[in-house]
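Tertiary structure, described
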Amino acid sequence: MVKSGEKALIFEMSQEGRVAYSLPENDVPEVDITEVIPAKFLREKPAELPEVSELQLIRHYTELSRRNHGIDSGFYPLGSCTMKYNPKVHEDVARYPGFARIHPYQPEESVQGALQLMYELQEYLKEITGMDAVTLQPAAGAQGEWTGLMMIRAYHQSRGEGKQRTKVLVPDSAHGTNPASAKMAGFETVTIPSNDKGLVDIEALQQALGSDTAALMLTNPNTLGLFETEIVEIAELVHAAGGLLYYDGANANAILGKARPGDMGFDVVHLNLHKTFTTPHGGGGPGSGPVGVKKELIPFLPVPVLKKEGDRYTFDYDLPHSIGRVKAYYGNFGINVRAYAYIRTMGDEGLRKVSEYAVLNANYMMRKLAPYFDLPYDQHCKHEFVLSGKRQKKQGVRTLDMAKRLLDFGFHPPTIYFPLIVEECLMIEPTETESKETLDEFIDALIQIVKEAEESPEIVQEAPHHTVVRRLDEVTAARKPVVRWYPAAQD
């Protein structure tokens, strides 16, 4: 039985005989299903699906959808995720029949417009990153990392150093996908510590570099929101050791039109179209993680490579040293369309403004909140910044508690407990698309929570108070999730 205030499961709404569809009369001969599908694959009894009306179905899922948080419904300040607004005009463009109704296996002659769009998007991304070639194949940033590392591996193998260069260096502030991708690509990982300014420790880097170094993976600005000011020296050190420099593009929103990874000395770069270029984000996809490379790595690009021959666009599969295909078809085309529309809409000046406003918003919020938290790195940040809740922890209130309390104010919490090198970390990224009024509302909410932690800590410790679902046992929810409905459990 459903308790007062709880939402009934759609199975609990079921009444025998109700249907939510109406099908036309069958106008083709019926066949024995066992003649089409072997009996061993057929159910012995019908699936126990809920029986509800169309109106019940619509109301049920519409109500559930309102419980989800998204950028269209509220502020989403997840650090290192760049949850920026996705303009709806890009959705309209992606739904044009000429884009939405084509098939990847159509003859090239019939989809020249789509190939032109992808080719031009590659050219734009080359210019934005300072790379010599770009592939749109990877489906996400993490797959882009793996793709780039596989090309780095192939590069070293082509030079007879594949067995020798086995280590990828990763800063301790890096995204977790960096070491994971390196492992997936067959490398060992070595952690490089940060110095007291939150930047790569140059001395530790020098000690780690050697004849076994394949690459250094670096995010610039890093996940603390700080620009690696010694990037030119870092690039020279890595290259002098025979390694390559990999750019994690998750934080590219801070440098659009201002700086290019290729000019910093990077050899490989991935971008997250679903972050930096406003395509839909979250919920497991869709994503897109194009990879750009310098000319030395072009022979190892995934096939097919999109080329322009005169006025014709074509796929080239003749790359004998390619690492092979990494994604079915040629990546997530609909995401490419949205990113292309964004770049064309913004133009050079618009992309520069993106970075300027993103950095301005982050620094504004950081300075407003600094008196109420510990500020691990007291310097200008880029697109995001980190605070520490150590002060509140001494009062019995953890960062997790403050994040939960933010839900009562209608805000999605920022990233917490990452990077791991900051105790009780809150990582906040406002992006450029939020108004000052929204930023002030979020700032005021956090300040109120800090005061509650001082005066009435139990309010924060027991939060959230006004959400549909109160605080969960997160360990049990993660390790023993219940993700299906069992009729036997109705009591």
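The rules behind each value
- Residues numbered from 1 in each chain as written.
- Predicted model: local features only at pLDDT ≥ 70, side-chain atom pairs only at ≥ 80, totals over all residues.
- Heavy atoms only, no water.
- UniProt positions renumbered as here; feature names shortened; annotations may be inferred.
- Helix = DSSP H or I, 4+ residues; strand = E, 2+ residues; numbered from the N terminus.
- Buried < 20%, exposed > 50% of the residue type's maximum accessible area, 1.4 Å probe, protein only.
- Polar contact = N/O pair within 3.5 Å; in protein donor to acceptor, adjacent residues only side chain to side chain.
- Axes fitted to C-alpha atoms, helices over the stretch in contact; angles between N-to-C directions.
- Parallel < 35°, antiparallel > 145°, perpendicular 65-115°, else oblique.
- Left-handed = near helix turned anticlockwise from the far one by under 90°.
- Contact = heavy atoms within 4.5 Å.
- Pairing = 2+ DSSP bridges.
- Domains from an automatic or database assignment.
- Buried area = accessible area lost by both parts, 1.4 Å probe.
- Salt bridge = Lys/Arg side-chain N within 4 Å of Asp/Glu carboxyl O.
- Patch = residues over 30% accessible without salt bridge, like charges linked within 9 Å, V, L, I, M, F, W, Y side chains within 5 Å.
- Areas by Shrake-Rupley, 256 points an atom, 1.4 Å probe, with all protein chains shown as cover.
- Phe/Tyr/Trp six-rings, centres within 6.5 Å; stacked < 30°, edge-to-face > 60°.
- Expected span 1.5 Å × (residues − 1).
- Core = buried A, V, L, I, M, F, W, Y, C linked by side-chain atoms within 4.5 Å.

Concerning the UniProt feature "modified residue: N6-(pyridoxal phosphate)lysine" (unreviewed entry) in the protein chain
The positions that UniProt labels "modified residue: N6-(pyridoxal phosphate)lysine" (unreviewed entry) are, in the present scheme, Lys 275. In this fold, Lys 275 is placed in helix H11 (residues 273-276). Taking the relative accessible area as the measure of exposure, Lys 275 reaches 10% and is therefore buried. Here Ser 80 takes part through its backbone oxygen, which lies 2.7 Å from a polar atom of the side chain of Lys 275.

Regarding the packing of helix H14 (residues 399-408) against helix H15 (residues 436-455)
The N-to-C vectors of H14 and H15 enclose an angle of 125°; their axes lie 10 Å apart at closest approach. One finds that H14 runs oblique with respect to H15. Crossing angle aside, the handedness with which H14 passes H15 is right-handed. Across the interface between the two elements, Met 402, Arg 405 and Leu 406 of H14 pack against Phe 442, Ala 445, Leu 446, Gln 448, Ile 449 and Glu 452 of H15.

Focus: the sheet that holds strand S10 (residues 385-388)
Taken in spatial order, the three strands line up as S10-S12-S11 in an open sheet, and their pairing is antiparallel. Every other strand in the sheet has two partners, leaving S10 and strand S11 (415-416) as the edge strands with one partner each. Taken together, the two bridges between S11 and strand S12 (residues 425-428) define a ladder with antiparallel strand orientation. Following the sheet pairing, Ile 416 is matched in S12 by Leu 426.

Topic: the domain arrangement of the protein chain
Taken domain by domain, the protein chain comprises domain 1 (10-66), domain 2 (90-346) and domain 3 (354-477). The interface of domain 2 with domain 3 comprises 23 residues on the first partner and 20 residues on the second. Where domain 2 abuts domain 3, roughly 1,600 Å² becomes buried across the two surfaces, and 62% of that area is made up of carbon and sulfur atoms. At the boundary of domain 2 with domain 3, the tally comes to one salt bridge. Across the pair Glu 356 and Lys 258 runs a salt bridge whose closest N-O atoms are separated by 2.8 Å. Our count for the contact surface shared by domain 2 and domain 3 stands at eight residue pairs in polar contact (both at pLDDT 80 or more).

Things to note about a nonpolar patch on the surface
Taken together, the side chains of Val 31, Ile 33, Val 36, Ile 37 and Phe 41 define a hydrophobic patch exposed on the protein surface, amounting to about 490 Å² of accessible area. Mapped onto the elements of the fold, Ile 33 is located in helix H1 (residues 33-36).

Notes on the pairing of strand S8 (residues 305-309)
Regular strands place side chains that alternate from one sheet face to the opposite one. Two strands pair when backbone bridges link them, and S8 and strand S9 (residues 312-316) are joined in this way by five bridges, in the antiparallel orientation. Of the residues in S9, the one forming a bridge with Lys 307 is Thr 314. Counted along the chain from S8 to the antiparallel partner S9, the turn is two residues long, and its residue Gly 310 has a positive phi close to 65°.

Some details on the packing of aromatic side chains
For the structure on display, the rule yields eleven aromatic pairs. Relative to Phe 442, the ring of Phe 75 lies with its centre 5.1 Å away and its plane at 85°, an arrangement referred to as edge-to-face. With Phe 75 in the loop between helix H2 (54-65) and helix H3 (88-94) and Phe 442 in helix H15, the pair connects residues that are 367 residues apart, well separated along the chain. Overall, the relative accessible area of 4% leaves Phe 75 in the buried class. Note on Phe 442: relative accessible area 0%, which makes it buried. Taken together, Phe 75, Phe 411 and Phe 442 form an aromatic cluster joined through their ring pairs.

As for the environment of Gly 225
Among the structural elements, Gly 225 can be located in the loop between strand S4 (213-218) and helix H9 (231-240). Separated by 44 residues in sequence, Gly 225 and Val 269 place their C-alpha atoms 18 Å apart. Residues in contact with Gly 225, not counting those within four places in the same chain, are Cys 381, Lys 382 and Glu 384.

What to know about helix H5 (residues 112-129)
With 18 residues, H5 extends 26 Å between its outermost C-alpha atoms, agreeing within 8% with the 26 Å of an ideal straight helix rising 1.5 Å per residue. Restricting attention to buried positions, one finds in H5 the residues Gln 112, Ala 114, Leu 115, Leu 117, Met 118, Glu 120, Leu 121, Gln 122, Leu 125, Ile 128 and Thr 129. Looking one or two residues beyond H5, the residue adopting positive phi is Gly 130, at roughly 80°.

As for the nonpolar core
Of all hydrophobic cores here, the largest spans 31 residues; its most connected members are Met 118, Leu 121, Leu 125 and Phe 277. Elements that contribute at least two residues to this core include exactly H3, H5, S9 and helix H12 (333-369). Ignoring anything within four residues of it in the chain, the contact list for Phe 277 reads Leu 125, Ile 128, Leu 256, Leu 271, Asn 272, Arg 338, Ala 339, Tyr 342 and Ile 343. Within the second largest apolar cluster, 27 residues are counted, among which are Leu 369, Leu 387, Ile 428 and Leu 446.

Regarding the UniProt feature "domain: Glycine dehydrogenase C-terminal" (unreviewed entry) in the protein chain
The UniProt entry lists residues 355-456 under the feature "domain: Glycine dehydrogenase C-terminal" (unreviewed entry), expressed in the numbering used here. Across residues 355-456, the secondary structure splits into 48% helix and 10% strand, with the terminal C-alpha atoms separated by 39 Å.

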